[in-house]
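Fold and contact review
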Amino acid sequence: MCDILNTINCPQDLKELPRERLQDLAAEIREFLIQSVSQTGGHLAPNLGIVELTLALHRVYDSPRDKIVWDVGHQCYVHKLITGRRDRFGTLRQTGGISGFPKRDESEHDSFGAGHGSTSISAALGMAVARDRQGGSNRVIAVIGDGAMTGGLAMEGLNQAGHIGTDLTVVLNDNGMSISPNVGGVARSLHRLRYDRGYRRAKEHLKGLVTQYDPLGVGSTVLEVLGRVKDGARHLVLPGTLFEAFGLDYIGPVDGHDIEELLRTFELVHDLPGPILVHVHTEKGKGYRPAESNAERFHGVQPFDVETGETVPPSGPGRPYTEIFAEALIELAAEDERIVAITAAMGPGTGLMGFAEAYPDRFFDVGMAEQHAVTFAAGLAAAGLRPVVAIYSTFLQRAYDEVIHDVCLQGLPVTFCLDRAGIVGADGPTHHGVYDLSYMRHFPELVLMAPSDDLEMRDMLMTALRHDGPAAIRYPRSASPGVPIDRPMQLLPIGSARVAREGRDCTLLSIGGLLQEALGAAEILGKQEIQAEVIDARFAKPLDLNTIRESVLKTGVLVTVEENALQGGFGSGVLEMLESAHVSKLVAHRLGLPDIFVEHGDTASLRRRFGLDAASIADVALAHLPGRL
Ligand SMILES: Cc1ncc(C[n+]2csc(CCOP(=O)(O)OP(=O)(O)O)c2C)c(N)n1
């Protein structure tokens, strides 16, 4: 089935393959990807769409000497397959296995790590400038999707690339989709380019022009001649003016599933000087019908049945916090017209599509532009609305300054809903949301919360939206404990913790979803006649000094539990507070994530590894009891 693919162990093997066999190889790769990702889960649709493009790049360019920089990096599976990782592909995203993203320490062909979007042009430009300074002659190619192109960072990269003018190729992989259909002015103009009949007529006209310039048909394709046609003629017919305004030469659009056209294009571009943008049209999910008809669902997918495309729904009592948040938001929005919701290209992931349907004119997808999302929200709040910015914890890192400078410093009532806080599992270190307690805890004015169950999630959202200032709620990817929603939402007193279980021997103080583990630890300790007091902090800021002080003065032993980096995290905050309050007679231990980047893998195993499960918490508490130290 994979007769050709099995012979490709490095890009050189690909170069030696007869050109006419490349299309067959593409078909084998698609089949391989569908089968393999159906077992491991992963980013299927983006990879199915980029098979021919990846083959053409590796055929024409000379990796690792030439640098191919993947934007976001979720579309690097084909690249991994042909750069020596086919045999390990079954371990994709599994504990100890290969990563779902490019990683510099995984292969010399992964020239730059990624996971977050819009970085490729800046990184590739850096490599190009370093090459120039070192007298090198290698080529540098950034491959960026139309979704990632909506991020400001991409525009900043283009701006400098045009200014510097060095040799750099930007390949725009345009499939009309971010995770959902792409949005915004750039997307609209790319869309027009794809479907506008006037444009297509103009392209035909160009063919005529080409014949005039090239009557003998020496270079027979439009693209070959484009490189030689005078600028003026090109401007007449090609609406690549956005990129040309930045100072890049524009070539395209090219059919991204026509391997011959791709090869001819890159063979031409390979030797052209200066910064060039090659615009490639692809279809997300190409070659697998369920993914073609629902590219959004197959953008990133859990293991699925190849025949039907169905995934196995997660089992267990709880529900995703995302869902609980989304329902509560719709309820609250019904009573308060000032509430509006913002996503940065993550409508489905953040659960906001129901809100978008219920209140289409109160929903804003701003593209992959977290910084803009936050300052846009600040503007909305400054003018009287109550914006909710729903962003994954890891992506809000992008907007650190905007949260401080535009929101908190002005005390504006923006609610940040940080989904996927904590360990996220298979996506790994670029996506774990394990820094937000650290990076938000020191913002004056901000109220920072984390729910431990379904009811708290709802109460916190109401509390945030009624608070006359900035507030943030961080919640995990893992399911809630499934507490029945049997009462209306309630306002929580700002900065109030809750004693979840009384005890006298030690205090287990947890924030967020790990409360269940802390309660589990208390059960284990109870069997050994040790009475642990368990406190659900609820607020990481402001902290509840009275409740915490009272408990530790009683027990003398404190264990803090958080799914966040220990550095500057929740536990650090508690110890700082106790020190300021001169509570010094206690034995304290902080549980959380150590000062390393946590790899990808199964969430439960990662929690165990870092001591965040009930048994480990109980062990730590035991070890710190008087007489046991
Ligand atoms: C800064 C940032 N925001 C959001 C995301 C989540 N995300 C991952 S892929 C993606 C869409 C990418 O679309 P595009 O660049 O067009 O690539 P395609 O999947 O279409 O190949 C988004 C929004 C991210 N990775 N990084």
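Residues numbered from 1 in each chain as written. Predicted model: local features only at pLDDT ≥ 70, side-chain atom pairs only at ≥ 80, totals over all residues. Heavy atoms only, no water.

Overview of the pairing of strand β11 (residues 471-474)
Consecutive side chains along a regular strand alternate between the two faces of the sheet. A two-sided burial pattern is seen for β11, the buried positions comprising A471 and I473 on one face and A472 and R474 on the other. In this sheet, β11 lies alongside strand β9 (residues 415-419) in parallel orientation, the contact comprising four bridges. Opposite F416, over in β11, you have A472 as the bridge partner. Pairing geometry for strand β10 (residues 447-449) and β11, over three bridges, is parallel. If you follow L448 over to β11, its bridge partner there is A472. With helix α21 (residues 454-466) bridging β10 and the parallel β11, this β-α-β connection has right-handed handedness. (Buried < 20%, exposed > 50% of the residue type's maximum accessible area, 1.4 Å probe, protein only. Helix = DSSP H or I, 4+ residues; strand = E, 2+ residues; numbered from the N terminus. Pairing = 2+ DSSP bridges. Right-handed = clockwise from strand over helix to strand, strands pointing away.)

A word on the packing of aromatic side chains
For the structure on display, the rule yields 13 aromatic pairs. Seen from their ring centres, F243 and Y250 are 6.3 Å apart, and the 5° between their planes marks the pair as stacked. Considered together, F243 and Y250 belong to a single accessibility category, that of buried residues. Relative to Y439, the ring of Y400 lies with its centre 6.4 Å away and its plane at 75°, an arrangement referred to as edge-to-face. (Phe/Tyr/Trp six-rings, centres within 6.5 Å; stacked < 30°, edge-to-face > 60°.)

A short note on the environment of H431
Turning to its location among the elements, H431 is positioned in the loop between β9 and α20 (436-441). Sequence separation of H431 and E599 is 168 residues, and the distance between their C-alpha atoms is 9.9 Å. Beyond its immediate sequence surroundings of up to four residues, H431 is in contact with F101, G115, T394, F395 and V424. Of note is the side chain of H431, whose polar atom sits 2.7 Å from the side chain of T430. (Contact = heavy atoms within 4.5 Å. Polar contact = N/O pair within 3.5 Å; in protein donor to acceptor, adjacent residues only side chain to side chain.)

Quick notes on the sheet that holds strand β12 (residues 498-501)
Taken in spatial order, the five strands make up an open sheet running β12-β14-β13-β16-β17, and their pairing is mixed. In this open sheet, the two strands that pair with only one neighbour each are β12 and β17 (587-593). Across the sheet, the mean angle from the axis of one strand to that of its neighbour is 25°, orientation sign disregarded. Across the sheet, helix α22 (residues 515-526) lies against β12, β13 (506-510) and β14 (532-536), angled at about 170° from β14, the strand it touches most. Running over the sheet, helix α24 (residues 570-580) touches β13, β16 (557-565) and β17 and is turned about 140° from β16. (Axes fitted to C-alpha atoms, helices over the stretch in contact; angles between N-to-C directions.)

Examining the state of the cysteines
In this structure the tally under the stated criterion is zero disulfides. Looking at C408, it has no disulfide partner, and the nearest cysteine sulfur is the one in C417, 14 Å off. C408 gets classed as buried once you look at its relative accessible area, which sits at 2%. Taking the relative accessible area as the measure of exposure, C417 reaches 1% and is therefore buried. (Disulfide = S-S within 2.5 Å.)

Details of helix α7 (residues 152-164)
The end-to-end C-alpha distance of α7, which contains 13 residues, comes to 19 Å, matching closely the 18 Å that a straight helix rising 1.5 Å per residue would cover. Among the residues making up α7, those that are buried are A154, M155, G157, L158, A161 and G162. In a view along the axis of α7, the buried residues occupy a sector of 160°, so they form one face of it. Among the exposed residues of α7, those pointing more than 90 degrees away from its buried face are E156 and H163. The secondary structure elements touched by the buried residues of α7 are α6 (120-133), β2 (140-145), β3 (168-174), α8 (185-195), α12 (241-246) and β5 (275-281). Among the residues trailing α7, G165 stands out with phi positive, at a value near 80°. (Expected span 1.5 Å × (residues − 1). Arc of directions from axis to C-beta.)

Details of the site of the ligand
Looking at the ligand, there are 23 residues lining it, with H74, G117, G147, K284 and E370 nearest. A distance of 3.2 Å separates an oxygen atom of the ligand from a polar side-chain atom of D146. With respect to the ligand, the side chain of E370 contributes an N or O atom lying 2.6 Å from a nitrogen atom. Taken together, the residues that form the shell around the ligand break down as nine nonpolar, 10 polar and four charged. (Near = heavy atom within 4 Å. Nonpolar A, V, L, I, M, F, W, Y, C, P; charged D, E, K, R; others polar.)

Comments concerning unusual backbone geometry
The residue after G252, namely P253, is reached through a cis peptide bond having omega -5°. Along the chain, P253 falls in strand β4 (residues 249-255). Omega for the bond connecting K541 with P542 falls within 30 degrees of zero, at -5°, which places this linkage in the cis form. Inspection of the secondary structure assignment puts P542 in the loop between β15 (539-541) and α23 (545-555). We note that E529 has phi near 65°; this positive angle belongs to a residue other than glycine. With respect to the helices, strands and loops of the structure, E529 is situated in the loop between α22 and β14. Taking relative accessible area as the criterion, E529 reaches 62% and is therefore assigned exposed. A positive phi is found at H582, a non-glycine position, where the angle reads about 60°. Turning to its location among the elements, H582 is positioned in the loop between α24 and β17.

Things to note about the environment of C76
In this structure, C76 sits in the loop between β1 (67-70) and α5 (77-85). Here the alpha-carbon distance between C76 and P102, two residues 26 residues apart in the chain, equals 6.6 Å. Dropping the residues within four chain positions of it, C76 is found in contact with N47, W70, G100, F101 and P102.

Comments concerning the confidence of the model for the chain
Considering every residue of the chain, the mean pLDDT works out to 93; 93% of them sit at 70 or more. Within the model, pLDDT remains below 50 along residues 214-223, and this stretch shows 14 contacts once partners closer than five positions in the same chain are excluded. Segment residues 227-238 is flagged for pLDDT under 50; beyond a separation of four residues in sequence, or across chains, it makes 20 contacts in the model. (pLDDT = per-residue confidence, 0-100.)

Here we look at the packing of helix α4 (residues 51-60) against helix α13 (residues 259-269)
Viewed as axis vectors pointing N to C, α4 and α13 meet at an angle of 40°, and their least axial separation amounts to 9 Å. Classified by the angle their axes make, α4 and α13 are oblique. For the crossing formed where α4 meets α13, the hand is right-handed. Residues E52, L53, L55, A56, L57, R59 and V60 of α4 touch α13, and the partners they reach there are I259, L262, L263, F266 and E267. Residues belonging to the contact of α4 with α13 are distributed by class as follows: nine nonpolar, no polar and three charged. (Parallel < 35°, antiparallel > 145°, perpendicular 65-115°, else oblique. Left-handed = near helix turned anticlockwise from the far one by under 90°.)

A closer look at the sheet that holds β5
Spatial strand order, β1-β2-β3-β5-β4: five strands in an open sheet with parallel pairing. Strand pairing shows two members of the sheet lacking a second neighbour, β1 and β4, which therefore form its edges. Neighbour to neighbour, the strand axes of the sheet diverge by 20° on average, direction disregarded. With four bridges connecting them, β1 and β2 associate as parallel partners. Its bridge partner being in β2, V69 is matched across the sheet by A142. Those strands touched by α4 are β1, β2, β3 and β5, and its axis lies near 160° from that of β1.

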